[in-house]
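# Fold and geometry: a report
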Protein chains: 2
Amino acid sequence: MINPLYLPELREMLAEQDTAGLGEFCTALHPGRTAEFMEGLDAAETWAVLQHTDAEKRVEIFGFLEPEKQVQVIETAERGQIAELIDEMPADDRVDLLELVDPAVVSELMALVPQEDRRDIIRLRSYPEQTAGAVMTTEVAKVPETISVGEAMAELTRQASALETIYYVYIVDDQQHLRGVVSCRDLVSKLGESQTPVGDIMERDLVSVDVADDQEMIAEKVARYDLAVIPVVDHEYRLLGIITHDDVIDVVREEATEDAHRLSAVEPLKTGYLETPWVTLAWNRGLWLFVLFIGALLTAFALQRYESDLEAISWLVLFLPLVISSGGNSGSQSATLIITALTVGDVRLVDWWRIVRRELLMGLSLGSFLAVIGYLAAMLLHGHPVEALVIPITILLVVMGGMLLGAVLPLIFSRLGWDPALMSNPLVAMIVDIVGILVYMQVALAVLAGG
Amino acid sequence: MINPLYLPELREMLAEQDTAGLGEFCTALHPGRTAEFMEGLDAAETWAVLQHTDAEKRVEIFGFLEPEKQVQVIETAERGQIAELIDEMPADDRVDLLELVDPAVVSELMALVPQEDRRDIIRLRSYPEQTAGAVMTTEVAKVPETISVGEAMAELTRQASALETIYYVYIVDDQQHLRGVVSCRDLVSKLGESQTPVGDIMERDLVSVDVADDQEMIAEKVARYDLAVIPVVDHEYRLLGIITHDDVIDVVREEATEDAHRLSAVEPLKTGYLETPWVTLAWNRGLWLFVLFIGALLTAFALQRYESDLEAISWLVLFLPLVISSGGNSGSQSATLIITALTVGDVRLVDWWRIVRRELLMGLSLGSFLAVIGYLAAMLLHGHPVEALVIPITILLVVMGGMLLGAVLPLIFSRLGWDPALMSNPLVAMIVDIVGILVYMQVALAVLAGG
């Protein structure tokens, strides 16, 4: 959303070097809104505006700019200033951003940031994409087990301004092993008993993720245990970092988009639609289109077996797309319902019999309903009341079969330990198509032989 | 996950009235894990175990039990004890739970909870489902503008144990109008200057939602502004409640599931697959299957126009399902990519020309690739090298058309202010099917007339 109303005023303030006005502009609004108002400015103007506020606010507003704009600013502004900005940025965000910046600029900048930050950036960049390590931040409130609630609060006051979040304070031993957690809420509510050791009030059984875990695990654990923040540990249970609520929400959204892409037979994109390089997009789509196309070729060979029958009874061809799409649509409905239910934990593998029963009953009712309409259409296009029975019988069978296959195939994938979303709707539809053609032809031959 | 290993031990402890052991069991683990270990117990046993810990822990563990088990406990345990439990539960969770409980039991319980809670429950129940009002909790940390940081901290210490979260403290005037917000982090980091009025350090520009807003708005704002908690206000900007991180994540997941259902032409379910009443499920699926079926009937009428041509050139029928599914699969890929990109804000309407260009180019390349394979198959099944050209030409046109329509139809829906996800994959496929058949027949007649 570009807010063109503000742009002339902003540019005027810049031209007039209106320090007071620009300072006010940077602090009056939520940093996310300030960033939106600045969308129409170019990188140089953006950076000039941000000079009129303190380092903390500057980083906050900068974090809400469009990624493209952030990259432009980093690549064009004075290196020393940018190094300071990077120093102040949340540890996880700056790593993600530097991935997008020209490597030559990155190495110039890395020479300018303090050694500690440089090491941190290098370590975080070493974790593979979409793992907990790549999503976490290393800025975490830590205290030893032995200190009191009062001391912990004082320590927190000291650390707070440098940290992104202090909702939880983690208790570690001197080798950084994670021992427990105290929420800021518990700490605050115990301030009356400030001599109590934090070890006495901490929770010892923590939900954590391993640094190498896939981000899907994060989304799952956070949703199951209602966490705002999840700690990240190594294989020896040493605290490496935390994943905060905003990144959790991003992960949940990314995983949802990934599932939606899989469901429609697109290999999930790691970046936005317009940012994804053309070749990657073509590959991620072409791969599945090719698989589905080869599958669909089987329909041609299946039909070839019946070529002479179709020539003799040509009206059957009219209903071929209808029959196929009825099965495909029923199948994708079932597949999506079961896949999404498996993802959020609404159904489990042990429910398989309840699912099969439900889908068969559903296929029977909805299939019968569509069969009636199909019979009317068949009578309209081909008047023979007995021969027209081919259509409703096939529709009923195909809808029931589609729903059954659509539900069972993801369950089988899940049972085999594969992602059920791989059993995408088009793949289910492809299988149902082939089965549908065979059913159609067999029903036709049986009815017409009898009729 | 039922943990059968623990169950015999738990039952033994219950039989032996092992207060110490059961107390330890309730406190040693994360409440979510404790609840998982108890999954195999019946409602009476569950409630008996929970008697061995304090009210706070009891509520926490209870909140992680399966909803069905929660309802059983509420309906069967002693009313007075349950009224106390309800009194202690988070204001939003208890309202959701009571919706599932037998109304006769609810009215008995309502007579037993304190008047203040009763009013709160009645008010929260009055908000329509899936609005901010229905998702929020009324338990929120509030202080007046005039008090100092030190006083605010003391007030927070007093309120903390009764609140679900104190990540943000809201500043309100004496008519409850929302004036600003201070994060617990800011408060803690300013403890050194405890005389400062909170009005001096609060953020005045808040991101909030209206109590009547759809929950989709919550998910969108939270993701855009990286919030852990979002305040809910009425039309006069009075603070009514807050929506906390755990509910936000639930909302994000619910919205993602809703979109996935829409994409596969299922009217979104409001409850889990197995909990949804059969009639509702049949309606939510049948509605769209019916619409798609009527659409697919048009393919039969379209084909009827060409019945005599198909009789004369019967090998064309073999490739009918292949041609149709190529268009449908390409179309659903594009539709899903554009719909998910619109949802997360990766593309906007102003990008329409870039999208169209990308999809046309994609259709040209992937379509050509599939066309080559199609030509080989056509040569295999129908040896005539010129006549077989019908297949690759049609595939190229249908894939390009499918991608174009799949991308443009959701954009048009979005432009009209409708949910682009209504342009579901099966709907796109249906439209592409009809177009595909017409293209196929026209290409065939043109090539074969020339050939």
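Cut-off values and rules
Residues numbered from 1 in each chain as written. Chains lettered and ligands numbered in written order. Predicted model: local features only at pLDDT ≥ 70, side-chain atom pairs only at ≥ 80, totals over all residues. Heavy atoms only, no water. Least-squares fit on C-alpha atoms with pLDDT ≥ 70 in both. Contact = heavy atoms within 4.5 Å. Buried area = accessible area lost by both parts, 1.4 Å probe. Salt bridge = Lys/Arg side-chain N within 4 Å of Asp/Glu carboxyl O. Polar contact = N/O pair within 3.5 Å; in protein donor to acceptor, adjacent residues only side chain to side chain. Nonpolar A, V, L, I, M, F, W, Y, C, P; charged D, E, K, R; others polar. Domains from an automatic or database assignment. Phe/Tyr/Trp six-rings, centres within 6.5 Å; stacked < 30°, edge-to-face > 60°. Buried < 20%, exposed > 50% of the residue type's maximum accessible area, 1.4 Å probe, protein only. Lys NZ or Arg CZ within 6 Å of the ring centre and 35° of its normal. Helix = DSSP H or I, 4+ residues; strand = E, 2+ residues; numbered from the N terminus. Pairing = 2+ DSSP bridges. Patch = residues over 30% accessible without salt bridge, like charges linked within 9 Å, V, L, I, M, F, W, Y side chains within 5 Å. Areas by Shrake-Rupley, 256 points an atom, 1.4 Å probe, with all protein chains shown as cover. Axes fitted to C-alpha atoms, helices over the stretch in contact; angles between N-to-C directions. Parallel < 35°, antiparallel > 145°, perpendicular 65-115°, else oblique. Left-handed = near helix turned anticlockwise from the far one by under 90°.

With that settled, consider the relation of the copies chain B and chain A. The operation relating chain B to chain A is a screw motion whose rotation component is 180 degrees, with 0.0 Å of axial translation and a residual RMSD of 0.1 Å. Considering both components of the superposition, the chain copies are consistent with a two-fold axis. Interface overlap between copies is the fraction of interface residues in one copy that are interface residues in the other; for chain B against chain A it reaches 100%, indicating a shared surface.

A few words on the interface of chain B and chain A. Residue-level contacts link 131 residues of chain B with 131 residues of chain A. When chain B packs against chain A, close to 11,300 Å² is buried across both sides, 65% of that on carbon and sulfur atoms. Area buried by chain B at its contact with chain A is led by Arg185(B), Tyr273(B) and Arg358(B), which between them contribute 7% of it. Scanning the region where chain B abuts chain A turns up 12 salt bridges. Connecting chain B to chain A are 37 residue pairs in polar contact (both at pLDDT 80 or more). Of the residues belonging to the side of chain B that touches chain A, the class tally is 76 nonpolar, 29 polar and 26 charged.

Taken domain by domain, chain A comprises domain 1 (7-126), domain 2 (142-244) and domain 3 (278-450). If you average the C-alpha positions of domain 1 of chain A and of domain 3 of chain A, the two centres end up 54 Å apart.

Turning our attention to the packing of aromatic side chains. Summed over all chains, the structure comprises 13 aromatic pairs over all chains. Considering the side-chain rings of Trp352(A) and Trp353(A), the 5.9 Å spacing of their centres and the 65 degrees angle between planes classify their relative orientation as edge-to-face. On the numbers, 6.5 Å between centres and 45 degrees between planes, the contact of Tyr168(B) with Tyr170(B) is tilted. Tyr168(B) gets classed as buried once you look at its relative accessible area, which sits at 18%. Its end group placed over the ring of Tyr225(B), Arg33(A) keeps NZ or CZ at 6.0 Å from the ring centre.

Right, let's get into the pairing of strand β5 (residues 230-233) of chain B. Residue and element names in this part refer to chain B. Of the two faces of β5, the one lined by Ile230 and Val232 and the one lined by Pro231 and Val233 are each fully buried. Direction of pairing for strand β4 (residues 209-210) relative to β5: parallel, over a ladder of two bridges. Opposite valine 209, over in β5, you have valine 232 as the bridge partner. Of the strand pairs in this sheet, β5 and strand β6 (residues 239-243) are connected by four bridges, and their pairing is antiparallel. Bridge pairing links isoleucine 230 to isoleucine 243 in β6. Two successive antiparallel strands, β5 and β6, enclose a turn made up of five residues, where tyrosine 237 displays a positive phi of approximately 65 degrees.

Reading across the sheet, the three strands line up as β4-β5-β6 (chain B) and stay open at both edges, with mixed pairing between neighbours. Only two strands of the sheet have a single partner each, and these edge strands are β4 and β6 of chain B.

Let us now look at a nonpolar patch on the surface. A surface patch of nonpolar side chains, about 310 Å² in accessible area, is lined by Phe290(A), Val291(A), Ile294(A) and Phe369(B). With three residues, the single largest contributor to the nonpolar patch is helix α17 (residues 278-304) of chain A. On the secondary structure map, Phe290(A) appears in helix α17.

Residues and elements named next belong to chain B. Strand order in the open sheet made by the three strands is β1-β2-β3, with mixed pairing throughout. Across the chains shown, the open sheet's two edge strands, defined by having one partner strand only, are β1 (142-144) and β3 (178-183). With strand direction ignored, the average angle separating the axes of adjacent strands in the sheet is 35 degrees. Here strand β2 (residues 168-172) runs beside β3; their pairing, made up of five bridges, is antiparallel.

Residue and element names in this part refer to chain A. Counting through the fold element by element, serine 183 comes out in strand β3 (residues 178-183). Owing to a relative accessible area of 12%, serine 183 belongs among the buried residues under this scheme. Distance from serine 183 to valine 169, taken between C-alpha atoms, is 6.1 Å for residues 14 residues apart in sequence. Each residue touching serine 183, except ones within four places of it in the same chain, is listed here: Tyr167 and Tyr168.

Our focus in this paragraph is the packing of helix α20 (residues 352-381) of chain B against helix α21 (residues 390-415) of chain B. Residues and elements named next belong to chain B. Running from N to C, α20 and α21 cross one another at 155 degrees; their axes reach a closest spacing of 7 Å. What the angle tells us is that α20 and α21 run roughly antiparallel. Note that α20 runs across α21; the crossing there is right-handed. In the contact of α20 with α21, the residues fall into 22 nonpolar, four polar and one charged.

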